[in-house]
Amino acid sequence: MILVTGATGNVGSALVRQLHGSGASPVRGLTRDVTRAAFPDGVEAVEGDLARPASLKSALDGVRSLFLVPGMGADADVLTAARQAGVEHVVLVSSITVRTHPHLPAAAENLAVERLLRDSGMSWTILRPTQFASNALWWAASIREHRSIRVPYADIGLPAVHPADIAAVARTALTGPGHRGRTYALTGPARITPRQQAEALGTALGHEVSVEEISREEAHRQMAPFLGEQTAHAVLDLMGGDVNDELLEVHDTVSSVTGSPARPFRQWATENVAAFR
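This one's a predicted model, so the numbers in the text were calculated from it and none came from an experiment.

### Observations regarding the overall build of the chain
Working step 1: Scanning the chain from N- to C-terminus turns up 13 helices and 9 strands.
Working step 2: Relative to its length of 277 residues, the chain is compact, with a C-alpha radius of gyration of 19 Å against a globular reference of 19 Å.
Working step 3: Dimensions of the chain, computed from the C-alpha atoms along their principal axes, are close to 55 × 40 × 35 Å.
Working step 4: The buried share of the chain, taken over its 277 residues, is 50%.
Working step 5: The long-range fraction of contacts in the chain, counting pairs at least 24 apart against all pairs at least 6 apart in sequence, stands at 72%.
Working step 6: Here the chain has roughly 12,900 Å² of accessible surface; of this, 48% comes from carbon and sulfur atoms.
Working step 7: Looking at charge distribution, the chain has the averaged site of its 25 positive side-chain charges lying 5 Å from that of its 29 negative ones.

Written as structure tokens, this is what we have:
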């Protein structure tokens, strides 16, 4: 039995579909509200909350492999509950910022969870993705209403990764040999700038999406009310204010682990075009 946490999220939902499609193991999807979960037939929906590890007892019953998205609850207690339930292997989604920007609070939190997992006594595989292609959904309202985006660092490109590729590496690690004790940096197949992302979205939509480059200060004023001062600065650093060679590096991990090439951003744009109409 494989338990997928975050099973309705961008990565978790793709992983549930891929595991179900492979038929390799019985799959259980964790959700806070089973009435709102739409899983494929044959996938067991279980209710639980990572913020309340005691609620996970039935969800963990019989589970041997766990896909864990951290930061959604009491990670130390979740790992303890998993170990006590007999979980043998955990695939953890961390972040490439653990390496590239370890001074950022979110990176430090991810690193702490990585260390907890390594010290847990369970086998582990750690995934460190870069920027998600799905971060473009931040622009959805602006594109729907104005056919434009306003962004800082419009011409700095990061190798954004398709969430389905993160799921594909997780599926391979959960179901195949040779991945325990491994840490994988995950990126897309090429760097892509916000301007190029807007072009790809425009192609998918059938109309131009214009780009207005704004200053970091203006972007921070817009983001801080939603993210907080510190997080807004951290996000802007990762968007282009404090990039380094390691953050810009393109890795072939997706293809080497799964045997399939990493999906380009334009594929994500085509698959998700409805969100921008």
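### Description of the pattern of salt bridges
A side chain of one charge can pair with a side chain of the opposite charge if their charged atoms are brought near each other.
Working step 1: Enumeration according to the criterion identifies 11 salt bridges in this entry.
Working step 2: When the shortest N-O distance is used, the salt bridge between Glu218 and Arg150 registers 2.5 Å. A residue pair is termed long-range when its members are at least 10 positions apart, and Glu218 in helix α9 (residues 216-227) and Arg150 in strand β7 (residues 148-151) qualify at 68 residues.
Working step 3: On the accessibility criterion, Glu218 (22% relative accessible area) is partly exposed.

### Brief notes about helix α7 (residues 163-175)
Working step 1: The terminal C-alpha atoms of α7 lie 18 Å apart, and with 13 residues this matches the ideal 18 Å at 1.5 Å per residue to within 8%.
Working step 2: Among the 13 residues of α7, 11 are classified as buried, and the element is accordingly described as predominantly covered.
Working step 3: The set of residues buried in α7 consists of Pro163, Ala164, Asp165, Ile166, Ala167, Ala168, Val169, Ala170, Thr172, Ala173 and Leu174.

### With respect to helix α5 (residues 105-118)
Working step 1: In this model, α5 (14 residues) spans 20 Å end to end at C-alpha, consistent with the 20 Å of a helix rising 1.5 Å per residue.
Working step 2: In this structure, the buried residues of α5 make contact with α3 (75-85), β5 (89-93), α4 (97-100) and β6 (123-129).

### Considering the sheet that holds β5
Working step 1: Taken together, the 7 strands give an open sheet; going across it, the order is β3-β2-β1-β4-β5-β6-β8, and neighbouring strands pair in parallel fashion. Edge positions in the open sheet fall to β3 (44-47) and β8 (182-186), since each of these has one partner strand only. The sheet shows a mean angle of 20° between the axes of neighbouring strands, taken without regard to direction.
Working step 2: Strand direction decides the pairing type here: strand β4 (residues 65-68) and β5, joined by 4 bridges, are parallel. Along β5, the bridge assignment pairs Phe67 with Val91.
Working step 3: The strands touched by helix α1 (residues 10-22) within the sheet are β1 (2-4), β2 (27-31) and β4, with β1 carrying the most contacts at an inclination of about 155°.

Thresholds, definitions, all that
Throughout this description, residue numbers start from 1 for each chain and increase along the sequence as written. In keeping with the model being predicted, local features are shown solely for residues with a pLDDT of at least 70 and side-chain atom pairs are shown and tallied solely at 80 or more, while totals for entire chains, interfaces and linings include all residues. Note that the side-chain values use all heavy atoms of the structure and ignore hydrogens as well as water. For the purposes of this entry, the term helix denotes a DSSP run of H or I that reaches at least four residues, the term strand denotes a run of E that reaches at least two, and both are numbered from the N terminus. The reference for a compact globule is 2.2 Å times residues^0.38; the radius of gyration itself is calculated from the C-alpha atoms. Partly exposed describes any residue whose relative accessible area lies between the buried limit of under 20% and the exposed limit of over 50%, with all areas from a 1.4 Å probe on protein chains only and scaled to the type maximum. Any pair of residues with heavy atoms lying within 4.5 Å of one another is described as a contacting pair. With residues, only the protein chains shown are counted as cover, and all accessible areas are computed by Shrake-Rupley using a 1.4 Å probe. A positive count includes Lys and Arg, and a negative count includes Asp and Glu. His and the chain ends are not counted in either. Positions of charges follow a simple convention, taking NZ of Lys, CZ of Arg, CG of Asp or CD of Glu. Whenever Lys or Arg places a side-chain nitrogen within 4 Å of a carboxyl oxygen from Asp or Glu, that contact is recorded as a salt bridge. In this scheme, a helix's expected span is set at 1.5 Å multiplied by one less than its residue total. Only strands that DSSP links by at least two bridges are regarded as paired with each other. Lines fitted to C-alpha atoms define the axes, with helix axes restricted to the stretch in contact, and inter-axis angles between N-to-C directions lie between 0 and 180 degrees.

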